[in-house]
There are 2 protein chains.
Amino acid sequence: MAGGKNSHSLAQQPVTASTFVGSPSAVGTDKPITSMARVGRGSAIAKIVGRNVQQFDHFDNEVKMWVFEEKVNGRNLTEIINTEHENVKYLPGIKLPENIIACPDLLETVKDATMLVFVVPHQFVSSICKQLKGKINPQAKAISLIKGIDVCDDGFRLITDMIQESLNVRACMLSGANIATEVAEEKFCETTIGYRNRGDGELFREIFHTPTFRVNIIEDVVGVEMCGALKNIIAIGGGLVDGLKLGANTKAAIIRIGLYEMRKFTKMFYEGVKDETFFESCGVADLITTCAGGRNRKVAEAHVLTGKSFDQLEQEMLNGQKLQGTSTAKDMYNILIKKGLTHEFPLMTTIYRICYEDLPSIKIVEDI
Amino acid sequence: MAGGKNSHSLAQQPVTASTFVGSPSAVGTDKPITSMARVGRGSAIAKIVGRNVQQFDHFDNEVKMWVFEEKVNGRNLTEIINTEHENVKYLPGIKLPENIIACPDLLETVKDATMLVFVVPHQFVSSICKQLKGKINPQAKAISLIKGIDVCDDGFRLITDMIQESLNVRACMLSGANIATEVAEEKFCETTIGYRNRGDGELFREIFHTPTFRVNIIEDVVGVEMCGALKNIIAIGGGLVDGLKLGANTKAAIIRIGLYEMRKFTKMFYEGVKDETFFESCGVADLITTCAGGRNRKVAEAHVLTGKSFDQLEQEMLNGQKLQGTSTAKDMYNILIKKGLTHEFPLMTTIYRICYEDLPSIKIVEDI
């Protein structure tokens, strides 16, 4: 939800910084294990971009952030953000730079912007792209921070592909071990940007990289994106192992096998995916973080400890919201069944069956 | 400390199973975070080998285990093991198969054995090899389960190289996320065998693989072995981050960067090392386990929380025993300094400086 206006560029690369974040910005995204509260990934990232663009001459100083308007204590959230420089609802206690301008109007936000940063729940991407079609700067470049994939009749579609195809722009992907609250508190972490065009990767690196938010770039959009989607399945496995109290060796084995299946799956469905990507923050590091904390792990652990179904636990623990891990497991399983490949992915298949076919949780180690 | 006798082979491959385990068997090896007690890696692994050899015709049923003799409640430990089938001192509560024969005499243990399993503290390897020289079956194959390297004047030497050169046998390497107590309790885990000769790798796989101790084999002895040595340095980093309370993103970043530097270091010093090895249990999984538990992590955390030096903490927490992580960090740093390579390994270098040069712990994220 941020869009920079006035593209008066001073340097070679004419760019208006424009972050673009959905609200409620964290539906279906990561959060620390200690809290089930929603956290504002979009605001956390806008804080970084807002500061970084001021350090380069070739970026417009103003960063517009699209905010789905809502009332907080009788006031508009955008007004609060623009006067108090804090997203009191989704990232309370963290000051945003004053050059972050919250804007409730989507088209107004992206007007003239040449860099579009997508941080919205993945189910909103399609309708947002429809609204944006033909309305964005033809020079614009996009980057997605959305962890998830879009399931369609003939399989699935990457979010970056949806953005590229519907808006006719090149899209990068940013993903990593980046729990939003810790990013906002400026605790050291890393992230990965996958690019198709190196210049795009380097440009986006400039608006995201800080000493405590280290950006590596790699020529592999698909690998970076698939890591972000598939890790949630493995986190269910991590939670099952925690619930079963199987210990540190077993947990590490599930993470390792999970990383292996993520890599094998991605390379089976896409050409040009790099092994190296899985050594990056988007791969092994994000998987470790997600299996250590996060709601997928937490609900799966509760499944073992209480014997309740995932459906019931989603009602009780998540107000009926669906876990990304279980739904992605189902989507992937449907693809594997269709292609006759379940035997090649025993971990993902077993996780699906535990979630949806009442398979006992202990099968997580017996059937893989 | 186990040596099989009587090589009456019934199959193509004439082999006498002979495990060979030092005692106190766990000096300098892993143990779970919840306990500082020594655990018997050798006995845990002998339990597996003892059962497995009975399932194949081409192994001698008897497995000899060399045990450094000591008195427990007035009785010899070997006698207790051979009558009660339990290593009451180093792996209490776990029954050993009856075909494990504890033997206090090193040369008697290895007599006729064609498979030698080394599970001793790494500082004992050199003297053991001297005693064994010329006394072993010329057909023997060896495998090392020893996590550590031998530092010498011109750098360092792999334990498998020491065994190969001094005994004139081929040596494999087994390493993985294998906390001994969890292995003994038959909780699911994985491990990796690195081999030079595929037949050797497959043969050793037979005596180690079980449904709950899954063995993958890979043609990369050096990679497997270096992972086991270098991970302890990174675990110091993990402990520092825990002490600093930097959160899950940071911990995952340190593990990721650690895995990267382990791989880069190993490939820089040896040819033929495979990236794939670092995706195996010996690589990413063992690193995760070691950074989650283990005494290197624990003492490093205490260093931050108490402000005490590592020397002092080793006195207080480990009865003066030296941590493998700090000593390996020093060994590697000396090599990096000599070769002018410290800038290429900022994490290992910073960990060394925190341990030995009073660098503040926060530099773990500021200097890398």
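Conventions we followed
- Residues numbered from 1 in each chain as written.
- Chains lettered and ligands numbered in written order.
- Predicted model: local features only at pLDDT ≥ 70, side-chain atom pairs only at ≥ 80, totals over all residues.
- Heavy atoms only, no water.
- Helix = DSSP H or I, 4+ residues; strand = E, 2+ residues; numbered from the N terminus.
- Buried < 20%, exposed > 50% of the residue type's maximum accessible area, 1.4 Å probe, protein only.
- Contact = heavy atoms within 4.5 Å.
- Phe/Tyr/Trp six-rings, centres within 6.5 Å; stacked < 30°, edge-to-face > 60°.
- Lys NZ or Arg CZ within 6 Å of the ring centre and 35° of its normal.
- UniProt positions renumbered as here; feature names shortened; annotations may be inferred.
- Least-squares fit on C-alpha atoms with pLDDT ≥ 70 in both.
- Buried area = accessible area lost by both parts, 1.4 Å probe.
- Salt bridge = Lys/Arg side-chain N within 4 Å of Asp/Glu carboxyl O.
- Polar contact = N/O pair within 3.5 Å; in protein donor to acceptor, adjacent residues only side chain to side chain.
- Nonpolar A, V, L, I, M, F, W, Y, C, P; charged D, E, K, R; others polar.
- Pairing = 2+ DSSP bridges.
- Axes fitted to C-alpha atoms, helices over the stretch in contact; angles between N-to-C directions.
- Parallel < 35°, antiparallel > 145°, perpendicular 65-115°, else oblique.
- Left-handed = near helix turned anticlockwise from the far one by under 90°.
- pLDDT = per-residue confidence, 0-100.
- Arc of directions from axis to C-beta.

When you go through chain A residue by residue, the secondary structure sums to 16 helices and 12 strands. Split into buried and exposed, the 368 residues of chain A put 62% on the buried side. Pairs at least 24 apart in sequence give 69% of the contacts found in chain A among residues at least 6 apart.

All told, the structure shown has 19 aromatic pairs over all chains when counted by the stated rule. Judged by centre distance (6.2 Å) and plane angle (65°), the rings of Phe156 of chain B and Tyr270 of chain B are edge-to-face. Placement of Phe156 of chain B in strand β9 (residues 155-158) and of Tyr270 of chain B in the loop between α9 (248-269) and α10 (275-278) is noted, with a sequence separation of 114 residues between them. A single burial state applies to Phe156 of chain B and to Tyr270 of chain B, both of which are buried. Ring-pair connections join several aromatic residues into one group, and the members of that group are Phe156, Phe265, Phe269, Tyr270 and Phe345 of chain A. Note that Arg263 of chain A overlies the ring of Phe279 of chain B, its terminal NZ or CZ placed 3.8 Å from the centroid.

As a further point, take the UniProt feature "active site" (unreviewed entry) in chain A. Residue and element names in this part refer to chain A. The feature "active site" (unreviewed entry), as annotated in UniProt, sits at Lys231 in this numbering. Mapped onto the secondary structure, Lys231 falls in helix α8 (residues 221-244). Using a relative accessible area of 1% as the deciding quantity, one classes Lys231 as buried.

The next point concerns the relation of the copies chain A and chain B. Overlaying chain A on chain B yields an RMSD of 0.0 Å, the required transformation being a rotation through 180° with an accompanying axial translation of 0.0 Å. The symmetry that links the two subunits is that of a two-fold axis. By residue overlap, the copies meet face to face through one surface: 100% of the interface positions of chain A are interface positions in chain B.

Now for the interface of chain A and chain B. Facing 36 residues of chain A, the contacting portion of chain B comprises 36 residues. Contact between chain A and chain B buries roughly 3100 Å² in total, counting both sides, with carbon and sulfur atoms accounting for 57%. Interface area lost by chain A to chain B is led by Asn249, Arg256 and Phe279 of chain A, which between them contribute 26%. Taken together, the links from chain A to chain B amount to 6 salt bridges. With a closest N to O distance of 2.5 Å, Glu190 of chain B and Arg256 of chain A form a salt bridge. Where chain A meets chain B, there are 16 residue pairs in polar contact (both at pLDDT 80 or more). Of the residues belonging to the side of chain A that touches chain B, the class tally is 19 nonpolar, 7 polar and 10 charged.

With that settled, the discussion passes to the side chain of Thr349 of chain A. Residue and element names in this part refer to chain A. Mapped onto the elements, Thr349 comes out in helix α15 (residues 346-356). Judged by relative accessible area, which is 4%, Thr349 ranks as buried. A polar side-chain atom of Thr349 sits 2.8 Å from the main-chain carbonyl oxygen of Phe345. Setting aside residues no more than four positions away along its own chain, Thr349 makes contact with Tyr333, Leu336 and Thr342.

Let us look at the environment of Gln131 of chain A. Residue and element names in this part refer to chain A. Turning to its location among the elements, Gln131 is positioned in helix α4 (residues 125-132). Measuring from C-alpha to C-alpha, the distance between Gln131 and Phe68 comes to 14 Å, with 63 residues separating the pair along the chain. Excluding residues within four positions of it along the chain, Gln131 makes contact with Leu106 and Leu107.

Take the pattern of salt bridges next. Residue and element names in this part refer to chain A. In this structure the tally under the stated criterion is 60 salt bridges over all chains. A salt bridge links Glu165 to Arg157; the nearest nitrogen and oxygen atoms lie 3.8 Å apart. One network of salt bridges, with partners in common, ties together Asp242, Lys251, Arg297 and Glu301.

Residues and elements named next belong to chain B. Here 4 bridges tie strand β8 (residues 149-152) to β9, and the two strands are oriented antiparallel to one another. Its bridge partner being in β9, Cys152 is matched across the sheet by Gly155. Between β8 and the antiparallel strand that follows it, β9, lie 2 residues.

On to the environment of Asp60 of chain A, then. Residue and element names in this part refer to chain A. Along the chain, Asp60 turns up in the loop between α1 (41-53) and β2 (63-66). Residues Asp60 and Asn99, spaced 39 residues apart in sequence, show a C-alpha to C-alpha distance of 9.9 Å. Looking at Asp60, its side chain comes within polar contact range of the main-chain nitrogen of Glu62, at 3.3 Å.

A few words now on unusual backbone geometry. The phi torsion at Lys245 of chain A lies on the positive side, around 55°, for a residue other than glycine. Inspection of the secondary structure assignment puts Lys245 of chain A in the loop between α8 and α9 (248-269). In this model, His85 of chain B sits at a positive phi of 55°, which is unusual for a non-glycine residue.

Residue and element names in this part refer to chain A. At their nearest, the axes of α4 and helix α5 (residues 159-167) sit 9 Å apart, and the two run at 20° to each other. By the angle between their axes, α4 is roughly parallel relative to α5. Our pair here, α4 against α5, has a crossing hand that is right-handed. Side by side, α4 and α5 meet where Val125, Ser126, Cys129 and Leu132 of the first sit next to Ile159, Met162, Ile163, Ser166 and Leu167 of the second. Its residues placed into classes, the contact of α4 with α5 shows 7 nonpolar, 2 polar and no charged.

Residues and elements named next belong to chain B. Among the 12 residues in helix α11 (residues 281-292), 11 count as buried, and that is most of the element. Of all the residues in α11, the buried ones are Ser281, Cys282, Gly283, Val284, Ala285, Asp286, Leu287, Ile288, Thr289, Thr290 and Cys291. Looking one or two residues past α11, Gly294 carries a phi angle of roughly 85°, positive in sign.

Before going further, it helps to spend a moment on the confidence of the model for chain A. Reading predicted coordinates in detail is not appropriate for stretches of low pLDDT. When pLDDT is averaged across chain A, the result is 87; 89% of the residues are at 70 or more. Low confidence marks residues 1-38 of chain A, where pLDDT is under 50. Its contacts with residues over four positions away, or in another chain, come to 159 contacts.

Residue and element names in this part refer to chain A. Within the fold, His58 resides in the loop between α1 and β2. Given the relative accessible area of 13%, His58 is considered buried. Among the polar contacts made by the side chain of His58, one reaches the side chain of Glu206 at a distance of 2.7 Å.

This part covers the packing of helix α8 (residues 221-244) of chain B against α9 of chain B. Residue and element names in this part refer to chain B. The contact between α8 and α9 brings their axes to 9 Å, and the two run at 150°. Classified by the interaxial angle, the pair formed by α8 and α9 is roughly antiparallel. Regarding α8 and α9, the two cross each other, and that crossing is right-handed. Taken together, the residues of α9 that come into contact with α8 (itself represented by Val222, Gly223, Met226, Cys227, Leu230, Lys231, Ile234, Gly237, Gly238, Val241 and Asp242) are Thr250, Lys251, Ile254, Ile255, Gly258, Met262, Phe265 and Thr266. Here the residues of the contact of α8 with α9 are counted per class, giving 10 nonpolar, 6 polar and 3 charged.

Residues and elements named next belong to chain A. Taken together, the buried positions of helix α2 (residues 77-84) are occupied by Leu77, Thr78, Ile80 and Ile81. Buried residues along α2 cover an arc of 160° about the axis, so they all sit on one side. Where α2 is buried, its residues touch β2, β3 (71-72), β4 (75-76) and β5 (100-103). Of the residues flanking the end of α2, it is His85, one or two places downstream, whose phi is positive at about 55°.

With respect to the element layout, Thr212 of chain A can be found in the loop between α7 (198-208) and β12 (213-218). Discounting chain neighbours no more than four positions away, the residues touching Thr212 of chain A are Glu186, Lys187, Phe188 and Cys189 of chain A.

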